[in-house]
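# Coordinate inspection notes
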Amino acid sequence: MEGAYLIGARRVTGGKAFRGLDAATGAELAGDFPVTTAEDLETACRLADAAFDTYRETAPAARAAFLEAIAEALEARREAIVERCMAESGLPAVRLNGELGRTTGQLRMFAQVVREGDWADVVIDKALPQREPLPRPDLRARRIAVGPVAVFGASNFPLAFSVAGGDTASALAAGCPVVVKAHQAHPGTSLLAGEAIQEAVAKCGLPEGVFSLVYGPGNEIGTALVRHPAIRAVGFTGSRGGGTALMAAAAARPEPIPVYAEMSSVNPVILMPGALAANAEGLAKGYVASLSLFAGQFCTNPGMVFALAGSDVDGFEAAAAEAMGNVAPQVMLTSGILSAYEGGSAKLAGAGSVTEVAQGQPSGERTAGARLFATDAASLMADPALSHEVFGPSSLVVRCADMAELTAAIADMEGQLTATIHAVESDHASLAPLMPLLERKAGRILFNGWPTGVEVCRSMVHGGPFPATSDPRTTSVGAMAIERFLRPVCYQAVPDTLLPAPLKEANPLGLPRRAFD
Ligand SMILES: NC(=O)C1=CN([C@@H]2O[C@H](COP(=O)(O)OP(=O)(O)OC[C@H]3O[C@@H](n4cnc5c(N)ncnc54)[C@H](OP(=O)(O)O)[C@@H]3O)[C@@H](O)[C@H]2O)C=CC1
Ligand SMILES: O=C(O)CCC(=O)C(=O)O
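Quick summary incoming for the structure in this document. (Residues numbered from 1 in each chain as written. Chains lettered and ligands numbered in written order. Predicted model: local features only at pLDDT ≥ 70, side-chain atom pairs only at ≥ 80, totals over all residues. Heavy atoms only, no water.)

### Focus on the overall build of the protein chain
Keep this limit in mind: Only runs of H or I of at least four residues qualify as helices and only runs of E of at least two qualify as strands under DSSP, and these elements are numbered from the N terminus. For a compact globule the rule gives 2.2 Å times the number of residues to the power 0.38, and the radius of gyration it is set against comes from C-alpha atoms. All accessibility values rest on the Shrake-Rupley procedure with a 1.4 Å probe; residue burial counts only the protein chains present in the view. The convention is simple: Lys and Arg are positive, Asp and Glu are negative, and His and the chain ends are not counted. Lys charges are placed at NZ, Arg charges at CZ, Asp charges at CG and Glu charges at CD.
When you go through the protein chain residue by residue, the secondary structure sums to 15 helices and 22 strands. By the compact-globule yardstick of 24 Å for 517 residues, the protein chain fits well, its C-alpha radius of gyration being 25 Å. Projected onto its principal axes, the C-alpha positions of the protein chain cover 75 × 65 × 40 Å. Taken as a whole, the protein chain presents about 20,000 Å² of accessible surface, with 55% of it coming from carbon and sulfur. Each charge class in the protein chain can be summarised by its mean position, and for the 41 positive and 54 negative side chains these summaries are 7 Å apart.

Dropping the structure here:
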């Protein structure tokens, strides 16, 4: 394949370049991918700004058709995308075909959301000229797009959280042009997805600045993108260090902008005594399957399990150890992610209060082996480092003396994407006091399931308090993700001829509205 980056309608080749790497072998893959120059980054941001006013006022039907055209263009490239992505990520075809389906599915969901029109949140307070002691003017509000958005492709979801992924889909749905900074680990996959969007922009007759795709390692291009005055918001999925660096860069701008970063989470799972008594072995198998799925490279990985000492936790641990023995080593996304996993799991293994319960099958040169650890709640609370995310196929079982200690250990945790409870009816009474605490800690509370595998739907919340995300008021998955890229504007006594279409008295776009006398 020929490497390139995309600035509006232009395809840029040549210049200083890098190559994608085969995740399984480390070998260089075809394609010289140029590092985006400062001039071209400037052009991408300028084009995005120039496209903004036209794009944000496209009729809902036109914007929805554009999102659907992207989905179609991705599907037309399915074979090439999956083949290249397998090499760049080490993920198997079955996973990537599923992920591509999720990607096109979320584009189509946002098309539907845009058509329905609730996102515009039109509210009208009618004029009350006779009101005493003062008349009320006509007041109407709607939400408009915030402006061009910078999106950082994630390494661990090279399709669904990357170039054409959830951040891009929700920003485009809101009416924001997007400049994507491709993840260095999958330049070819990024280009194929970027070409699909570029093609859809042209097919739908939209201004070219609606989409650009830039490349560049070493933080430089990403930081310059976040600092660019045309950029009005940022979407990011990745490390805590990366996310907080971008938050700092955005806050230090002369005009600070919001950063929606999804970063780090250990996703506590609580195994209640009744559930353990009923099915310790089944729970252990489900647990090991979830923590080792695709080498544990999920921010929803169940990184920590809490159970009461003296319950059936011994049987659970023994069954989990047995299941671990069947876990084959798996290729990780990049050598950097593999060495971060090895470092993080070695730190756990070396902590005095932690014992290693089991290992998966031995790992090879570029693969990660699964690891299972155990500790007690008092040690966990005494050493905050034990609850840091270890990104990969490892997890920690925490024994608690009683429900009071379990509650204290959960209260001690940082913000999380998810909190999971396994319980039967006899456990429910002792769980009631824990529910408000879990609401304070997590964006999603689940019963009798495992946190990996996020449903893309209207009610999904893939968010949570820091460090799970930089802003707990929102989600990066599901229909509500569009809210991040909208802001309200109120129009007071503005003549109908000058009102934007969504607010005109005749409601030419047929958007839903709430009106108050
Ligand atoms: N919780 C989660 O959802 C995930 C967590 N991770 C964690 O992140 C680690 C590294 O993985 P990776 O995916 O590369 O994540 P990173 O956060 O390191 O990188 C993600 C993107 O952000 C950019 N970036 C990172 N740091 C900065 C910075 N200081 N300034 C400007 N841009 C920056 C990178 O660009 P550039 O290439 O220029 O550095 C890259 O495009 C993993 O080992 C894992 O611990 C990873 C994926 C998901
Ligand atoms: O579990 C999922 O489907 C999504 C996980 C996620 O957002 C991530 O790993 O970055």
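What follows continues from the structure just given.
### Structural notes on the site of ligand 2
Test applied: A molecule or strand has a residue near it when one of that residue's heavy atoms lies within 4 Å. Side-chain atoms alone can form a polar contact between residues adjacent in sequence; in general such a contact is a pair of N or O atoms within 3.5 Å, and within protein one must be able to donate a hydrogen while the other accepts it. Residue classes follow a fixed rule: Ala, Val, Leu, Ile, Met, Phe, Trp, Tyr, Cys and Pro count as nonpolar, while Asp, Glu, Lys and Arg count as charged, and any other residue, Gly among them, counts as polar. In this document the domain limits rely on a domain assignment from an automatic tool or a database.
Contacts to ligand 2 come from Arg102, Asn156, Phe157, Phe161, Thr237, Glu262, Phe298, Cys299, Thr300, Gly453, Val454 and His462. Contacts to ligand 2 include Arg102, whose side-chain N or O atom sits 2.8 Å from an oxygen atom. Between ligand 2 and Thr300, the relevant distance is 2.8 Å, taken from an oxygen atom to a side-chain nitrogen or oxygen of the residue. Here ligand 2 has 300 Å² of accessible area as a free molecule, and 99% of this is covered by the chains. Along the lines of polarity and charge, the residues of the shell around ligand 2 split into 5 nonpolar, 5 polar and 2 charged. Lining the shell around ligand 2 are residues from two domains, each supplying at least three of them: domain 1 (30-263 + 472-503) and domain 2 (268-447).

### Quick look at the packing of aromatic side chains
Where two aromatic rings form a pair, the distance of their centres and the angle of their planes describe that pair. Our working rule: Put simply, two rings from Phe, Tyr or Trp (the six-membered ring, in Trp's case) pair if the centres are within 6.5 Å, and we call them stacked under 30 degrees between planes, edge-to-face over 60, tilted for the rest. Each residue's exposure class comes from its accessible area (1.4 Å probe, protein chains only) as a fraction of the maximum for that residue type: buried when under 20%, exposed when over 50%, partly exposed otherwise.
A complete count under the given rule lists 11 aromatic pairs for this structure. An angle of 85° between the planes, with centres 6.0 Å apart, marks the rings of Tyr55 and Phe66 as edge-to-face. Taken together, the positions of Tyr55 in helix H1 (residues 38-56) and Phe66 in helix H2 (residues 60-76) put the pair 11 residues apart, joining distant regions of the chain. You'll find Tyr55 and Phe66 in the same group, each marked buried. Taken together through their ring pairs, the aromatic side chains of Phe157, Phe161, Phe294 and Phe298 make up a single cluster.

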